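Summary of the model geometry
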Amino acid sequence: LILDIAGSTYHHLHQLRTSRRLQSKAHTFESALETRAYNNSALVDTGYPLWPNSGVKALPLHLSIQQSRFVQTVAMFAARNITDARSAVCTTSSQDMRKVRIEAAPLRNSKSSAPMRLSTHSARKVKAMRVKRTTVASLQTDVSNTNTTTNLEISQDLFGNGKEVEKWAMKKSIETAGGPKRVLDLTVEDHVLSEAYERCGKVTGEYAKTFYLGTKLMTPDKQAAIWAVYVWCRRTDELVDGPNASRITPEALRRWDERLEALFAGKPYDVLDAALSDSIAKFSLDIQPFRDMVDGMRMDLVKSRYETFDELYEYCYRVAGTVGLMSVPVMGIDPANKMNEEKIYGAALALGLANQLTNILRDVGEDAGRGRIYVPTEDLERFNITEAEVMKGLVDEDGNVDPRWKEFMKFQIERARFYFAEAEAGVTQLDKDARWPVWSALILYRQILDAIEANGYNNFTQRAFVPKWKKFLTLPVAYANAMRPPAQM
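Every value quoted in this text rests on a predicted model; they were computed, and no experiment measured them. (Residues numbered from 1 in each chain as written. Predicted model: local features only at pLDDT ≥ 70, side-chain atom pairs only at ≥ 80, totals over all residues. Heavy atoms only, no water.)

Re the packing of aromatic side chains
As enumerated under the stated definition, the model contains 15 aromatic pairs in all. What links up through ring pairs into an aromatic cluster is the set Phe383, Trp405, Phe408, Phe411 and Phe460. The ring of tyrosine 306 is capped by lysine 303, whose NZ or CZ atom sits 5.0 Å from the centre of that ring. We note arginine 382 situated over the ring of phenylalanine 411; from NZ or CZ to the ring centre the distance is 4.5 Å. (Phe/Tyr/Trp six-rings, centres within 6.5 Å; stacked < 30°, edge-to-face > 60°. Lys NZ or Arg CZ within 6 Å of the ring centre and 35° of its normal.)

Following this line, the structure appears as C-alpha coordinates:
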(Lines give C-alpha, C1' and ligand atoms only; values in the text may rest on other atoms or scores of the structure.)
Protein backbone atom coordinates (compact mmCIF):
# COMPACT_ATOMS: atom_id res chain seq x y z
CA LEU A 1 0.00 0.00 0.00
CA ILE A 2 2.77 2.42 0.97
CA LEU A 3 4.67 1.74 -2.25
CA ASP A 4 1.51 2.41 -4.27
CA ILE A 5 1.06 5.70 -2.43
CA ALA A 6 4.73 6.53 -2.97
CA GLY A 7 4.45 5.91 -6.69
CA SER A 8 1.28 7.91 -7.17
CA THR A 9 2.05 10.87 -4.91
CA TYR A 10 5.80 11.31 -5.14
CA HIS A 11 5.69 13.80 -8.01
CA HIS A 12 3.19 16.00 -6.21
CA LEU A 13 5.12 15.72 -2.95
CA HIS A 14 8.37 16.64 -4.70
CA GLN A 15 6.79 19.76 -6.23
CA LEU A 16 5.31 20.75 -2.90
CA ARG A 17 8.61 20.33 -1.07
CA THR A 18 10.47 22.24 -3.77
CA SER A 19 8.12 25.22 -3.57
CA ARG A 20 8.33 25.31 0.22
CA ARG A 21 11.99 24.46 0.59
CA LEU A 22 13.14 27.93 1.60
CA GLN A 23 10.34 28.36 4.13
CA SER A 24 10.93 24.96 5.72
CA LYS A 25 14.68 25.23 6.31
CA ALA A 26 14.09 25.71 10.00
CA HIS A 27 12.59 22.26 10.21
CA THR A 28 15.60 20.01 10.78
CA PHE A 29 14.27 16.80 9.31
CA GLU A 30 12.62 18.29 6.23
CA SER A 31 15.65 20.39 5.35
CA ALA A 32 17.84 17.33 5.82
CA LEU A 33 15.79 15.52 3.22
CA GLU A 34 16.87 18.12 0.67
CA THR A 35 20.59 17.64 1.32
CA ARG A 36 22.96 15.24 -0.30
CA ALA A 37 24.05 14.04 3.13
CA TYR A 38 20.59 12.75 3.97
CA ASN A 39 20.16 11.48 0.44
CA ASN A 40 23.15 9.27 1.11
CA SER A 41 22.10 8.29 4.61
CA ALA A 42 18.74 7.20 3.23
CA LEU A 43 20.59 4.83 0.96
CA VAL A 44 22.56 3.55 3.93
CA ASP A 45 19.74 3.23 6.44
CA THR A 46 16.95 1.80 4.33
CA GLY A 47 16.65 -1.92 4.89
CA TYR A 48 13.91 -4.35 5.64
CA PRO A 49 13.36 -6.63 8.62
CA LEU A 50 14.22 -10.29 8.40
CA TRP A 51 12.43 -11.71 11.41
CA PRO A 52 10.66 -14.93 10.38
CA ASN A 53 6.92 -15.32 10.78
CA SER A 54 6.42 -11.61 11.17
CA GLY A 55 3.59 -11.53 8.66
CA VAL A 56 5.26 -8.51 7.12
CA LYS A 57 6.23 -8.13 3.50
CA ALA A 58 9.62 -6.51 3.05
CA LEU A 59 10.35 -3.42 1.06
CA PRO A 60 12.33 -4.34 -2.06
CA LEU A 61 16.03 -3.59 -2.06
CA HIS A 62 15.80 -1.67 -5.30
CA LEU A 63 13.73 1.26 -4.07
CA SER A 64 14.86 4.41 -5.79
CA ILE A 65 16.41 7.02 -3.53
CA GLN A 66 13.28 9.14 -3.99
CA GLN A 67 11.04 6.28 -2.87
CA SER A 68 13.37 5.53 0.04
CA ARG A 69 13.14 9.15 1.15
CA PHE A 70 9.36 9.08 0.92
CA VAL A 71 9.09 5.88 2.95
CA GLN A 72 11.49 7.21 5.57
CA THR A 73 9.43 10.39 5.84
CA VAL A 74 6.36 8.27 6.58
CA ALA A 75 8.41 6.32 9.12
CA MET A 76 9.41 9.52 10.82
CA PHE A 77 5.84 10.65 11.30
CA ALA A 78 4.72 7.17 12.32
CA ALA A 79 7.51 7.03 14.90
CA ARG A 80 6.64 10.58 16.05
CA ASN A 81 10.18 11.43 17.03
CA ILE A 82 13.48 11.31 15.29
CA THR A 83 15.10 8.84 17.68
CA ASP A 84 12.43 6.25 17.00
CA ALA A 85 12.44 7.08 13.32
CA ARG A 86 16.11 6.29 12.95
CA SER A 87 15.60 2.96 14.72
CA ALA A 88 12.46 2.11 12.79
CA VAL A 89 12.21 0.28 9.50
CA CYS A 90 9.16 0.92 7.36
CA THR A 91 7.37 -2.23 6.33
CA THR A 92 4.10 -3.05 4.66
CA SER A 93 1.52 -5.71 5.33
CA SER A 94 -1.87 -6.38 3.80
CA GLN A 95 -3.42 -4.12 6.42
CA ASP A 96 -1.10 -1.32 7.44
CA MET A 97 2.30 0.22 7.69
CA ARG A 98 4.11 -0.41 10.91
CA LYS A 99 7.30 0.35 12.70
CA VAL A 100 9.24 -2.76 13.68
CA ARG A 101 11.36 -2.45 16.79
CA ILE A 102 14.64 -4.27 17.31
CA GLU A 103 14.29 -7.62 19.02
CA ALA A 104 17.96 -8.24 19.68
CA ALA A 105 19.58 -11.23 21.28
CA PRO A 106 20.17 -10.79 25.05
CA LEU A 107 23.48 -9.37 26.12
CA ARG A 108 26.11 -11.43 27.85
CA ASN A 109 24.98 -12.64 31.24
CA SER A 110 28.33 -13.17 32.86
CA LYS A 111 31.27 -11.02 33.80
CA SER A 112 34.42 -10.99 31.69
CA SER A 113 37.88 -9.51 31.94
CA ALA A 114 37.20 -7.14 29.07
CA PRO A 115 37.77 -3.43 29.73
CA MET A 116 34.79 -1.43 30.93
CA ARG A 117 32.73 -0.22 28.02
CA LEU A 118 29.72 2.02 28.31
CA SER A 119 26.91 0.22 26.58
CA THR A 120 23.69 -1.39 27.69
CA HIS A 121 25.59 -3.15 30.44
CA SER A 122 27.20 -0.21 32.19
CA ALA A 123 24.72 2.51 31.24
CA ARG A 124 22.09 0.80 33.34
CA LYS A 125 24.19 0.83 36.43
CA VAL A 126 24.25 4.37 37.82
CA LYS A 127 24.49 7.89 36.47
CA ALA A 128 27.96 8.63 37.77
CA MET A 129 29.81 5.34 38.14
CA ARG A 130 33.52 5.96 38.42
CA VAL A 131 36.04 3.62 36.84
CA LYS A 132 39.67 3.80 37.86
CA ARG A 133 42.32 3.80 35.16
CA THR A 134 43.78 0.37 35.64
CA THR A 135 44.79 -2.81 33.87
CA VAL A 136 42.74 -5.06 31.63
CA ALA A 137 42.66 -7.84 34.19
CA SER A 138 40.82 -5.73 36.76
CA LEU A 139 38.27 -4.20 34.44
CA GLN A 140 34.90 -5.89 34.16
CA THR A 141 31.60 -5.38 32.41
CA ASP A 142 28.51 -5.36 34.60
CA VAL A 143 25.36 -6.89 33.17
CA SER A 144 23.53 -7.60 36.38
CA ASN A 145 20.90 -4.88 36.10
CA THR A 146 17.44 -4.89 34.64
CA ASN A 147 16.49 -4.42 31.01
CA THR A 148 14.32 -1.37 31.65
CA THR A 149 15.87 2.05 31.14
CA THR A 150 13.97 5.26 30.62
CA ASN A 151 16.55 8.02 31.00
CA LEU A 152 20.09 6.93 30.25
CA GLU A 153 22.98 9.22 31.03
CA ILE A 154 26.59 8.75 29.99
CA SER A 155 29.34 9.49 32.47
CA GLN A 156 32.65 10.73 31.07
CA ASP A 157 34.34 8.85 33.89
CA LEU A 158 33.69 5.63 32.00
CA PHE A 159 36.36 6.63 29.50
CA GLY A 160 40.07 7.11 30.08
CA ASN A 161 41.53 3.63 29.57
CA GLY A 162 41.90 3.83 25.79
CA LYS A 163 45.19 2.01 25.31
CA GLU A 164 44.02 -0.86 27.50
CA VAL A 165 40.80 -1.10 25.51
CA GLU A 166 42.76 -1.05 22.25
CA LYS A 167 45.15 -3.76 23.47
CA TRP A 168 42.28 -5.98 24.56
CA ALA A 169 40.40 -5.57 21.28
CA MET A 170 43.53 -6.40 19.25
CA LYS A 171 44.10 -9.53 21.32
CA LYS A 172 40.49 -10.65 20.84
CA SER A 173 40.56 -9.91 17.10
CA ILE A 174 43.71 -11.97 16.57
CA GLU A 175 42.41 -14.87 18.66
CA THR A 176 39.03 -14.97 16.95
CA ALA A 177 40.49 -14.68 13.44
CA GLY A 178 42.90 -17.55 14.15
CA GLY A 179 40.39 -19.73 15.95
CA PRO A 180 37.73 -22.15 14.71
CA LYS A 181 35.48 -20.89 11.96
CA ARG A 182 32.38 -19.15 13.27
CA VAL A 183 29.08 -20.89 12.73
CA LEU A 184 25.97 -18.69 12.67
CA ASP A 185 22.48 -20.00 12.09
CA LEU A 186 21.79 -17.37 9.45
CA THR A 187 18.65 -18.29 7.56
CA VAL A 188 18.79 -15.73 4.78
CA GLU A 189 18.36 -16.75 1.18
CA ASP A 190 21.37 -16.45 -1.11
CA HIS A 191 19.70 -14.02 -3.51
CA VAL A 192 18.83 -11.71 -0.60
CA LEU A 193 22.45 -11.74 0.58
CA SER A 194 23.63 -11.10 -2.95
CA GLU A 195 21.38 -8.05 -3.24
CA ALA A 196 22.45 -6.85 0.20
CA TYR A 197 26.13 -7.03 -0.72
CA GLU A 198 25.37 -5.23 -3.97
CA ARG A 199 23.78 -2.38 -2.03
CA CYS A 200 26.75 -2.27 0.35
CA GLY A 201 29.00 -1.89 -2.67
CA LYS A 202 26.91 1.00 -3.97
CA VAL A 203 27.07 2.81 -0.64
CA THR A 204 30.83 2.30 -0.40
CA GLY A 205 31.24 3.58 -3.95
CA GLU A 206 29.18 6.68 -3.11
CA TYR A 207 31.06 7.62 0.05
CA ALA A 208 34.59 6.35 -0.68
CA LYS A 209 35.10 6.18 -4.43
CA THR A 210 38.88 5.80 -4.39
CA PHE A 211 38.80 3.12 -1.71
CA TYR A 212 35.97 1.35 -3.55
CA LEU A 213 37.94 1.20 -6.78
CA GLY A 214 40.86 -0.25 -4.83
CA THR A 215 38.69 -3.09 -3.53
CA LYS A 216 38.13 -4.26 -7.09
CA LEU A 217 41.44 -6.15 -6.96
CA MET A 218 40.24 -8.22 -4.02
CA THR A 219 38.51 -11.57 -4.32
CA PRO A 220 34.68 -11.28 -4.52
CA ASP A 221 34.20 -12.60 -0.97
CA LYS A 222 36.73 -10.16 0.48
CA GLN A 223 35.46 -7.11 -1.34
CA ALA A 224 31.85 -7.88 -0.38
CA ALA A 225 32.81 -8.30 3.29
CA ILE A 226 34.82 -5.06 3.30
CA TRP A 227 31.81 -3.26 1.82
CA ALA A 228 29.57 -4.72 4.56
CA VAL A 229 31.98 -3.59 7.29
CA TYR A 230 32.23 -0.14 5.71
CA VAL A 231 28.45 0.27 5.57
CA TRP A 232 28.01 -0.73 9.22
CA CYS A 233 30.68 1.80 10.22
CA ARG A 234 29.02 4.47 8.07
CA ARG A 235 25.60 3.82 9.57
CA THR A 236 27.09 3.93 13.07
CA ASP A 237 28.84 7.23 12.36
CA GLU A 238 25.63 8.72 10.94
CA LEU A 239 23.99 8.29 14.35
CA VAL A 240 26.07 11.09 15.87
CA ASP A 241 27.43 12.86 12.80
CA GLY A 242 24.50 12.72 10.39
CA PRO A 243 21.82 15.30 9.61
CA ASN A 244 19.80 14.38 12.71
CA ALA A 245 22.74 13.97 15.09
CA SER A 246 21.47 16.70 17.43
CA ARG A 247 18.47 14.53 18.33
CA ILE A 248 20.29 11.27 18.94
CA THR A 249 20.12 10.10 22.56
CA PRO A 250 21.94 7.48 24.66
CA GLU A 251 18.80 5.36 24.28
CA ALA A 252 19.28 5.29 20.50
CA LEU A 253 22.85 4.05 20.95
CA ARG A 254 21.62 1.44 23.43
CA ARG A 255 19.31 0.11 20.73
CA TRP A 256 22.17 0.11 18.25
CA ASP A 257 24.16 -1.95 20.79
CA GLU A 258 21.35 -4.48 20.95
CA ARG A 259 21.21 -4.64 17.19
CA LEU A 260 24.97 -5.27 17.04
CA GLU A 261 24.75 -8.10 19.57
CA ALA A 262 21.93 -9.61 17.57
CA LEU A 263 23.70 -9.62 14.22
CA PHE A 264 26.75 -11.27 15.84
CA ALA A 265 24.36 -13.90 17.16
CA GLY A 266 23.13 -14.59 13.63
CA LYS A 267 19.92 -12.59 14.05
CA PRO A 268 20.31 -9.61 11.72
CA TYR A 269 17.58 -7.01 11.79
CA ASP A 270 17.73 -5.97 8.14
CA VAL A 271 19.47 -7.00 4.94
CA LEU A 272 22.46 -4.73 5.47
CA ASP A 273 22.97 -6.29 8.89
CA ALA A 274 22.59 -9.70 7.24
CA ALA A 275 25.50 -8.91 4.91
CA LEU A 276 27.67 -8.19 7.94
CA SER A 277 26.47 -11.32 9.77
CA ASP A 278 27.43 -13.39 6.76
CA SER A 279 30.86 -11.73 6.64
CA ILE A 280 31.35 -12.34 10.36
CA ALA A 281 30.84 -16.05 9.77
CA LYS A 282 33.07 -16.19 6.70
CA PHE A 283 36.02 -14.30 8.18
CA SER A 284 35.69 -14.93 11.94
CA LEU A 285 35.39 -11.30 12.99
CA ASP A 286 35.37 -10.46 16.68
CA ILE A 287 32.69 -8.22 18.16
CA GLN A 288 34.96 -6.14 20.43
CA PRO A 289 36.10 -3.52 17.86
CA PHE A 290 32.46 -3.01 16.84
CA ARG A 291 31.45 -2.43 20.46
CA ASP A 292 34.33 -0.03 20.91
CA MET A 293 33.22 1.98 17.88
CA VAL A 294 29.73 2.44 19.32
CA ASP A 295 31.36 3.65 22.52
CA GLY A 296 33.27 6.15 20.40
CA MET A 297 29.90 7.52 19.31
CA ARG A 298 29.00 7.84 22.99
CA MET A 299 32.10 9.92 23.55
CA ASP A 300 30.77 12.38 20.97
CA LEU A 301 27.60 12.75 23.03
CA VAL A 302 29.41 13.71 26.23
CA LYS A 303 32.82 15.14 25.30
CA SER A 304 33.45 18.34 23.36
CA ARG A 305 37.02 18.88 24.61
CA TYR A 306 40.10 16.65 24.92
CA GLU A 307 42.65 17.83 27.44
CA THR A 308 45.55 15.55 26.51
CA PHE A 309 46.68 13.57 23.49
CA ASP A 310 46.04 10.37 25.47
CA GLU A 311 42.36 11.36 25.70
CA LEU A 312 42.25 12.11 22.00
CA TYR A 313 44.09 8.86 21.25
CA GLU A 314 41.27 6.90 22.90
CA TYR A 315 38.65 8.70 20.82
CA CYS A 316 40.62 8.12 17.61
CA TYR A 317 41.00 4.44 18.41
CA ARG A 318 37.31 3.99 19.08
CA VAL A 319 36.01 5.77 15.99
CA ALA A 320 38.76 4.92 13.49
CA GLY A 321 41.38 2.49 14.78
CA THR A 322 38.63 -0.06 15.29
CA VAL A 323 38.11 -0.15 11.52
CA GLY A 324 41.60 -1.58 11.14
CA LEU A 325 40.84 -4.39 13.61
CA MET A 326 37.63 -5.17 11.73
CA SER A 327 39.34 -5.17 8.33
CA VAL A 328 42.59 -7.12 8.79
CA PRO A 329 40.88 -10.53 9.23
CA VAL A 330 38.97 -9.91 5.99
CA MET A 331 41.90 -8.61 3.98
CA GLY A 332 44.18 -11.33 5.24
CA ILE A 333 47.88 -11.40 6.06
CA ASP A 334 50.49 -12.61 3.60
CA PRO A 335 51.21 -16.25 4.64
CA ALA A 336 54.90 -15.48 4.94
CA ASN A 337 54.21 -12.88 7.64
CA LYS A 338 51.96 -14.72 10.09
CA MET A 339 54.57 -14.42 12.84
CA ASN A 340 54.16 -10.63 12.74
CA GLU A 341 50.42 -10.53 13.41
CA GLU A 342 50.55 -8.13 16.35
CA LYS A 343 52.76 -5.69 14.46
CA ILE A 344 50.47 -5.84 11.43
CA TYR A 345 47.36 -5.22 13.53
CA GLY A 346 49.28 -2.43 15.27
CA ALA A 347 50.01 -0.84 11.88
CA ALA A 348 46.29 -1.01 11.06
CA LEU A 349 45.56 0.81 14.31
CA ALA A 350 48.18 3.43 13.42
CA LEU A 351 46.53 4.04 10.05
CA GLY A 352 43.14 4.55 11.69
CA LEU A 353 44.70 6.98 14.17
CA ALA A 354 46.48 8.91 11.40
CA ASN A 355 43.31 9.13 9.31
CA GLN A 356 41.26 10.43 12.23
CA LEU A 357 43.90 12.97 13.25
CA THR A 358 43.82 14.19 9.65
CA ASN A 359 40.02 14.50 9.76
CA ILE A 360 40.29 16.51 12.97
CA LEU A 361 42.90 18.91 11.54
CA ARG A 362 40.90 19.39 8.34
CA ASP A 363 37.65 20.12 10.23
CA VAL A 364 38.82 22.46 13.01
CA GLY A 365 36.66 25.36 11.81
CA GLU A 366 33.62 23.20 11.14
CA ASP A 367 33.88 21.54 14.57
CA ALA A 368 34.29 24.91 16.28
CA GLY A 369 31.02 25.95 14.68
CA ARG A 370 29.40 23.03 16.48
CA GLY A 371 31.00 23.95 19.80
CA ARG A 372 33.68 21.24 19.59
CA ILE A 373 37.46 21.33 19.87
CA TYR A 374 39.12 17.99 19.25
CA VAL A 375 42.77 19.10 19.23
CA PRO A 376 44.26 18.63 22.73
CA THR A 377 43.83 21.70 24.89
CA GLU A 378 47.26 21.11 26.48
CA ASP A 379 48.76 21.53 23.00
CA LEU A 380 46.86 24.79 22.57
CA GLU A 381 48.28 26.04 25.86
CA ARG A 382 51.77 25.08 24.77
CA PHE A 383 51.42 27.44 21.80
CA ASN A 384 49.67 30.14 23.88
CA ILE A 385 46.34 29.70 22.13
CA THR A 386 43.05 29.89 24.03
CA GLU A 387 39.88 27.91 23.40
CA ALA A 388 38.03 31.18 22.76
CA GLU A 389 40.43 32.02 19.96
CA VAL A 390 39.87 28.64 18.34
CA MET A 391 36.11 29.08 18.57
CA LYS A 392 36.40 32.51 16.97
CA GLY A 393 38.97 31.43 14.37
CA LEU A 394 42.62 32.46 14.22
CA VAL A 395 42.37 34.13 10.83
CA ASP A 396 41.71 37.82 10.20
CA GLU A 397 39.36 39.47 7.69
CA ASP A 398 42.07 39.46 5.03
CA GLY A 399 42.60 35.71 5.41
CA ASN A 400 45.90 36.02 7.28
CA VAL A 401 46.50 33.15 9.70
CA ASP A 402 47.84 33.83 13.17
CA PRO A 403 51.56 32.79 13.34
CA ARG A 404 50.89 30.86 16.56
CA TRP A 405 48.29 28.74 14.76
CA LYS A 406 50.69 28.02 11.92
CA GLU A 407 53.26 26.68 14.36
CA PHE A 408 50.58 24.71 16.18
CA MET A 409 49.39 23.13 12.94
CA LYS A 410 52.94 22.22 11.88
CA PHE A 411 53.29 20.31 15.13
CA GLN A 412 49.95 18.52 14.69
CA ILE A 413 50.66 17.60 11.04
CA GLU A 414 54.07 16.21 11.99
CA ARG A 415 52.37 13.95 14.55
CA ALA A 416 49.84 12.69 12.01
CA ARG A 417 52.58 11.95 9.48
CA PHE A 418 54.46 9.97 12.11
CA TYR A 419 51.50 7.58 12.42
CA PHE A 420 51.13 7.34 8.63
CA ALA A 421 54.79 6.25 8.49
CA GLU A 422 54.12 3.64 11.18
CA ALA A 423 51.24 2.28 9.13
CA GLU A 424 53.14 1.93 5.85
CA ALA A 425 55.17 -1.16 6.73
CA GLY A 426 52.05 -2.98 7.88
CA VAL A 427 50.19 -2.40 4.62
CA THR A 428 52.80 -4.36 2.67
CA GLN A 429 52.30 -7.33 5.01
CA LEU A 430 48.68 -7.83 3.96
CA ASP A 431 47.61 -10.30 1.31
CA LYS A 432 48.68 -8.97 -2.07
CA ASP A 433 45.11 -8.56 -3.38
CA ALA A 434 44.12 -6.45 -0.36
CA ARG A 435 46.92 -3.89 -0.35
CA TRP A 436 45.66 -1.58 -3.11
CA PRO A 437 42.61 -0.08 -1.34
CA VAL A 438 44.58 0.43 1.87
CA TRP A 439 47.43 2.15 0.04
CA SER A 440 44.84 4.30 -1.76
CA ALA A 441 43.30 5.44 1.53
CA LEU A 442 46.70 6.07 3.11
CA ILE A 443 48.00 8.19 0.23
CA LEU A 444 44.72 10.10 -0.11
CA TYR A 445 44.53 11.06 3.55
CA ARG A 446 48.16 12.03 3.65
CA GLN A 447 47.47 14.38 0.73
CA ILE A 448 44.82 16.13 2.85
CA LEU A 449 47.67 17.18 5.16
CA ASP A 450 49.46 18.56 2.10
CA ALA A 451 46.31 20.50 1.21
CA ILE A 452 46.13 22.03 4.70
CA GLU A 453 49.69 23.27 4.24
CA ALA A 454 48.85 24.58 0.77
CA ASN A 455 46.01 26.59 2.33
CA GLY A 456 48.51 28.30 4.61
CA TYR A 457 47.19 26.32 7.61
CA ASN A 458 43.85 28.09 7.34
CA ASN A 459 41.37 25.41 8.39
CA PHE A 460 38.86 27.94 9.71
CA THR A 461 37.55 29.47 6.50
CA GLN A 462 39.01 27.04 3.97
CA ARG A 463 38.42 23.30 3.74
CA ALA A 464 41.38 21.21 2.63
CA PHE A 465 40.48 18.62 0.02
CA VAL A 466 42.06 16.51 -2.68
CA PRO A 467 40.63 17.23 -6.15
CA LYS A 468 39.15 14.34 -8.10
CA TRP A 469 41.87 14.28 -10.73
CA LYS A 470 44.48 13.94 -8.01
CA LYS A 471 42.50 11.18 -6.30
CA PHE A 472 42.48 9.12 -9.46
CA LEU A 473 46.20 9.76 -9.96
CA THR A 474 46.78 8.12 -6.58
CA LEU A 475 45.38 4.82 -7.89
CA PRO A 476 48.37 3.84 -10.07
CA VAL A 477 50.77 5.02 -7.34
CA ALA A 478 48.90 2.95 -4.76
CA TYR A 479 48.87 -0.02 -7.12
CA ALA A 480 52.64 0.19 -7.61
CA ASN A 481 53.12 0.28 -3.85
CA ALA A 482 50.78 -2.67 -3.43
CA MET A 483 52.87 -4.78 -5.80
CA ARG A 484 56.07 -4.20 -3.84
CA PRO A 485 57.43 -7.15 -1.84
CA PRO A 486 56.58 -7.06 1.89
CA ALA A 487 58.79 -4.82 3.99
CA GLN A 488 60.62 -6.20 6.98
CA MET A 489 59.02 -5.34 10.32
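Observations regarding the packing of helix H20 (residues 435–454) against helix H21 (residues 468–482)
Close contact between H20 and H21 brings their axes to 8 Å; oriented N to C, the two are set at 130 degrees. With respect to their mutual orientation, H20 and H21 come out oblique. Crossing of H20 against H21: the hand is right-handed. Every residue of H21 that contacts H20 at Arg435, Trp436, Trp439, Ser440, Ile443, Leu444 and Gln447 is listed here: Lys470, Lys471, Thr474, Leu475, Val477, Ala478, Tyr479, Asn481 and Ala482. A breakdown of the residues in the contact of H20 with H21 according to their chemical character gives nine nonpolar, four polar and three charged. (Axes fitted to C-alpha atoms, helices over the stretch in contact; angles between N-to-C directions. Helix = DSSP H or I, 4+ residues; strand = E, 2+ residues; numbered from the N terminus. Parallel < 35°, antiparallel > 145°, perpendicular 65-115°, else oblique. Left-handed = near helix turned anticlockwise from the far one by under 90°. Contact = heavy atoms within 4.5 Å. Nonpolar A, V, L, I, M, F, W, Y, C, P; charged D, E, K, R; others polar.)

Description of the nonpolar core
Counting residues in hydrophobic clusters, the biggest one holds 99 residues, and the most contacted among them are Trp232, Leu312, Val390 and Trp405. Considering each element in turn, this core owes the most residues, 13 residues, to helix H14 (residues 309–331). Here tryptophan 405 is in contact with Val364, Leu380, Ile385, Val390, Leu394, Tyr457, Asn459 and Phe460, once residues within four sequence places are set aside. Grouped together as the second largest cluster of nonpolar side chains are 16 residues, Val192, Leu193, Ala224 and Val231 included. (Core = buried A, V, L, I, M, F, W, Y, C linked by side-chain atoms within 4.5 Å. Buried < 20%, exposed > 50% of the residue type's maximum accessible area, 1.4 Å probe, protein only.)

So, the side chain of aspartate 278
Tracing the backbone shows aspartate 278 in helix H12 (residues 271–283). Taking the relative accessible area as the measure of exposure, aspartate 278 reaches 13% and is therefore buried. If we skip the residues at most four places from it in the chain, aspartate 278 touches Leu186, Leu193 and Tyr197.

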